[in-house]
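If you want the building blocks of each chain, they are given just below.
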Amino acid sequence: MSRDSVQRVSPTARDSGPGLELATPENEGRGLQSYFVGLILAVGLTAASFWTVRTHLIYGPGVPVALIALAVAQMGIHLVFFLHITTGPDNTNNVLALAFGVLIVSLVVFGSLWIMANLNHNMMPMSVLMEMQR
Amino acid sequence: MTMASAYSPIDPNHIGHNNLDLDIASDDAPGHGEGGPASKQIIVSYGFWIFLLSDIVMFSAFFAAFQVLAGYSGEAAPSYDLNDVAIETGCLLISSFLCGVAALCASKRWLVRTELFLLLTGILGAIFLALEVREFIGLIANHQGPTDGAYYSGFFALVGCHGLHVTVGLLWLGTMMAQLITKGFRQDILRRLACFSLFWHALDIVWVAIFSLVYLMRFAP
């Protein structure tokens, strides 16, 4: 791990594409380990998600929050251990692209939900509206 | 403008592909402007990453549509079989893992093992797809098909779009297995394999969102 960080801060550190970091000779053998760690963490988080909806231990309204948190965590695990998006200097381009993607995804999702909830709140129910049209 | 004088017949557009498939310059080039641009492998992989992110943006629109329709349509959501969803999730997760192992085998130039792990990846992907199709057929037979209400329209658009991606992925996987046999570990084949691997992992990320927000959320109290 320390050898790796020394190599990464050197000014001639190469840019790396997603998933290419482990293909270099100096990272020999770390690849399989990374995939195994990712698999174990992902299986654990998936099991936790399925357990969350079956158990009665968790306070009801907290279940959706737990599901979202577990899903975000698992996506992070997939990004790091399967797609090899890291925070190293060789990955700056990949992380910036990801950040832009996350921005657009949140704008689309939360923007849509917000607008629709707002419309739903402020508009007359459709049945009343249709009654007035007559 | 020194463009004209720097014209090279093998690299007319100055995008750094002057070594064709050999990628020699890349070994010294940090890709920060010193020593030339990054290797073609890195550029291709980065470009494909941009495509995957745009694909995820498209999925987010389907998610938003589903969430809105699920919230305001009066229909009762179908009672999904969580065991099937769990098996599908397991299939796709292990498939994603095996795809990574295949990519590692390819980096070692082990043809037989690469093909074997790619085959296992494909089989698990096909099991996933078969379970999903069976679920769809069951829903449609139960009058919960895409034309039977807003909730089901949103559901089929979102989950069906992911299923289509998996189908395309399986076709791509078969193509890569055939190309590995006929063309061997050429640089361009390895680049395509790397892109496929990214694609397959990204599909698993989308599925994480689907099984959490579409299926499991339905069972939240």
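Please read these numbers as outputs of a predicted model, since none were measured by experiment.

Now for the overall build of chain A. When helices and strands are counted, chain A shows five helices and zero strands. Shown N-terminal to C-terminal, the secondary structure of chain A runs as helices and strands in the order α-α-α-α-α. Going through the 134 residues of chain A one by one, you find that 28% of them count as buried.

Turning our attention to the overall build of chain B. When helices and strands are counted, chain B shows five helices and zero strands. Its helices and strands taken in sequence order, chain B reads α-α-α-α-α from the N to the C terminus. Each of the 221 residues in chain B was classed as buried or not, and the buried ones make up 41%. If you take every contact in chain B between residues at least 6 apart in sequence, the share linking residues at least 24 apart comes to 69%.

Before going further, it helps to spend a moment on helix α2 (residues 30-54) of chain A. When the terminal C-alpha atoms of α2 of chain A are compared, their 37 Å separation across 25 residues agrees well with the 36 Å that a helix rising 1.5 Å per residue should span. Three or more residues of α2 of chain A are buried, namely G31, Y35, G38, L39, A42, L45, T46, S49, F50, T52 and V53 of chain A.

In this structure, H84 of chain A takes a positive phi of about 55° despite not being glycine. Take H84 of chain A: it is sitting in the loop between α3 (62-82) and α4 (92-122). Even without being glycine, R109 of chain B reaches a positive phi, approximately 65°. Relative to the helices and strands, R109 of chain B resides in the loop between α2 (82-107) and α3 (111-141). Its 11 C-beta neighbours within 10 Å are what place R109 of chain B among the exposed residues.

This paragraph deals with the interface of chain B and chain A. Contact with chain B, which involves 44 residues of that partner, is made by 44 residues of chain A. Every element with two or more residues in the side of chain B that touches chain A is listed here: α1 (40-72), α2 and α5 (187-215) of chain B. Among the elements that line the side of chain B that touches chain A, the one with the most residues is α1 of chain B, at 16 residues. Looking at the side of chain B that touches chain A residue by residue, the classes come out as 31 nonpolar, twelve polar and one charged.

Turning our attention to the packing of α1 of chain B against helix α4 (residues 150-183) of chain B. All names here are of chain B. Interaxial distance between α1 and α4 falls to 8 Å at its minimum, and their mutual angle equals 160°. Here α1 is positioned roughly antiparallel relative to α4, judged by the angle of their axes. By crossing handedness, the relation of α1 to α4 is classed as left-handed. Residue-level contacts link F59, F62, F63, A65, F66, L69 and A70 of α1 to A150, Y151, S153, G154, F155, A157, L158 and C161 of α4. For the contact of α1 with α4, the residue count by class is 13 nonpolar, two polar and no charged.

Next up on the list: the nonpolar core. Counting residues in hydrophobic clusters, the biggest one holds 78 residues, and the most contacted among them are A102, V206 and I210 of chain B. At the level of elements, α2 and α3 of chain A together with α1, α2, α3, α4 and α5 of chain B are the ones that each hand at least two residues to this core. With 19 residues, α5 of chain B is the largest single contributor of residues to this core. What A102 of chain B contacts, discounting residues up to four positions off in sequence, is T114, F117, L118 and T121 of chain B.

Quick look at the packing of α1 of chain B against α5 of chain B now. All names here are of chain B. One can describe the packing of α1 onto α5 by two numbers: an axis separation of 10 Å at closest approach and a directional angle of 20°. Comparing the axis directions of α1 and α5 gives the class roughly parallel. When you trace α1 past α5, the crossing you get is right-handed. On α5, the residues that touch Q41, V44, S45, F48, W49, L52, D55, I56, F59, F63 and F66 of α1 are R191, A194, C195, L198, F199, A202, V206, A209, L213 and V214. Grouping the constituent residues of the contact of α1 with α5 by class yields 17 nonpolar, two polar and two charged.

We now examine the confidence of the model for chain A. Averaged over every residue, the pLDDT of chain A is 83; residues scoring 70 or more account for 83%. Mean pLDDT values for the elements of chain A range from 42 in helix α1 (residues 2-9) of chain A up to 95 in α3 of chain A.

In this fold, A71 of chain A is placed in helix α3. Taking the C-alpha atoms as reference, A71 of chain A lies 18 Å from T55 of chain A; in sequence the two are 16 residues apart. The residues touching A71 of chain A, leaving out its near neighbours within four places in the chain, are V208, A209, S212 and L213 of chain B.

With that out of the way, let us pick up the environment of A106 of chain B. Within the secondary structure, A106 of chain B sits in helix α2. The residues contacting A106 of chain B, other than those within four sequence positions of it, are T114, F185, L190 and L193 of chain B.

Conventions we followed
Per chain, residue numbering runs from 1 following the sequence as it is written. Here the convention is simple: chains get letters from A, ligands get numbers from 1, in the order in which they are written. For this predicted model, a pLDDT threshold of at least 70 governs which residues receive local features, and a threshold of 80 or more governs which side-chain atom pairs are given and counted, while totals over whole chains, interfaces and linings are taken from all residues. Under the DSSP-based scheme used, a helix requires at least four consecutive residues in state H or I and a strand at least two consecutive residues in state E, with every element numbered from the N terminus. Three classes are used. A residue is buried when 20 or more other C-beta atoms lie within 10 Å of its own, exposed when 12 or fewer do, and partly exposed in between, with C-beta atoms placed from the backbone. Residue pairs qualify as contacts under a 7 Å threshold applied to their C-beta atoms, which are placed from the backbone. A helix is expected to reach a length of 1.5 Å times the quantity of its residues less one. Residues are sorted three ways: Asp, Glu, Lys and Arg are charged, Ala, Val, Leu, Ile, Met, Phe, Trp, Tyr, Cys and Pro are nonpolar, and all the rest, Gly among them, are polar. Each axis is a line fitted through C-alpha atoms, taken for helices only over the stretch in contact, and angles between the N-to-C directions span 0 to 180 degrees. If an angle is under 35 degrees, it is roughly parallel; if it is over 145, roughly antiparallel; if it lies from 65 to 115, roughly perpendicular; otherwise it is oblique. Two helices that cross are described as forming a left-handed crossing if the nearer one is turned anticlockwise from the farther one by less than a right angle, and a right-handed crossing if clockwise. For the purposes of this analysis, a nonpolar core is taken to be any set of buried Ala, Val, Leu, Ile, Met, Phe, Trp, Tyr and Cys residues that are connected through C-beta atoms within 7 Å. Every residue gets a pLDDT, meaning the predictor's confidence in that residue, from 0 to 100.

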